Amino acid sequence: GQNLTISTATSGELIVNSAGTLDIDGVAVEVDASSGLSLDGAGAASNLTSTGANLTVSTATSGELIVNSAGVLDIDSASTMEITSGAGIDMDGTSIDIDASVGLSLDAADDSNFTVAGASKSLSIINSGGGTQVLGLLSEGAGVNALALTASAGGMGLQASKAINIDSTTDSIVIGESLANAKS
């Protein structure tokens, strides 16, 4: 029942070297540092594991949590993966690939955009697989342009293998061309 204290009294370093594995076991292991803390491994795979309980990595009062990988950053979860931020979440990459085997939902409570910038670049929204799928665009806006489809520099094509229906429940439908393009 007595404590064992190993310390340098006023200055200096405490250095522990092992030619083999350094194995530290305890009911709990606590490491406190008033300055920085560095855990480095070289030459073999390393891990930080908690069995049967949560593992928390955090900055307590300020600072950033930085995760760097010279190769692939692989984050796996047997259940739901939740990323929460009190501010924004910024994802930058040469390309970002999101695959969902069940469904994907993107929801926002403010103005939003999905933009592909650059000459000769395309944006495709595809609902494939056949059957009775529906690609729906819904706007609950009440203005005269609540749903706007604009081709600012080119034409627009509508193709369907079955009928095309254009309906307005409360107003007229006008299909025409501007006077500048009118044919006599």
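Below you will find a few notes about this structure. Within each chain, residue numbers correspond to sequence positions counted from 1 in written order. Totals for whole chains, interfaces and linings use all residues, but because this is a predicted model, local features are given only for residues with pLDDT of at least 70 and pairs of side-chain atoms are given and counted only at 80 or more. Based on all heavy atoms of the structure, the side-chain values leave hydrogens and waters out of the count.

1. Details of the overall build of the chain
Keep this limit in mind: Counting from the N terminus, the helices are DSSP H or I runs at least four residues long and the strands are E runs at least two residues long. We take the radius of gyration over the C-alpha atoms and set the globule estimate at 2.2 Å times the residue count to the 0.38 power. For every residue, the accessible area obtained with a 1.4 Å probe (protein chains only) is divided by the maximum for its type, and the residue is called buried under 20%, exposed over 50%, and partly exposed between those limits. In short, Shrake-Rupley with a 1.4 Å probe defines the accessible areas, and a residue's cover is counted only from the protein chains shown.
The number of helices and strands found in the chain is zero helices and zero strands. Taking 2.2 N^0.38 as the reference for a compact globule, 184 residues should give roughly 16 Å; the C-alpha atoms of the chain span a radius of gyration of 30 Å, well beyond that estimate. Residue burial in the chain is summarised as follows: out of 184 residues, 0% are buried. Of the accessible surface of the chain, which amounts to about 19200 Å², a share of 50% is contributed by carbon and sulfur atoms.

2. Describing the layout of surface pockets
Put simply, the rule is: Using only the protein atoms, space was sampled on a 1 Å grid; points where a 1.4 Å probe fits but cannot get out form cavities, open sets with protein on both sides within 12 Å along at least five of seven lines form pockets, and lining residues are those with an atom within 4 Å of a point. Grid points are joined across faces, edges and corners, and a volume is the space filled by probe spheres set on the points. Side-chain classes are defined by residue name, with Ala, Val, Leu, Ile, Met, Phe, Trp, Tyr, Cys and Pro counting as nonpolar, Asp, Glu, Lys and Arg as charged, and the others, Gly among them, as polar.
Empty space within the largest pocket amounts to approximately 2400 Å³. As for the largest pocket, its lining consists of 28 residues, and the residues nearest its centre are Val 31, Leu 37, Ser 38, Leu 39 and Leu 48. When the residues that make up the lining of the largest pocket are grouped by side-chain class, the tally is 13 nonpolar, 11 polar and four charged. There is about 1600 Å³ of room inside the second largest pocket. Lining the second largest pocket are 29 residues, with Leu 137, Leu 147, Leu 149, Leu 158 and Ile 166 positioned closest to its centre. Here the lining of the second largest pocket is composed, by residue class, of 17 nonpolar, nine polar and three charged.

3. Overview of unusual backbone geometry
In this model, Ser 120 sits at a positive phi of 60°, which is unusual for a non-glycine residue. Judged by its relative accessible area of 79%, Ser 120 falls in the exposed class.

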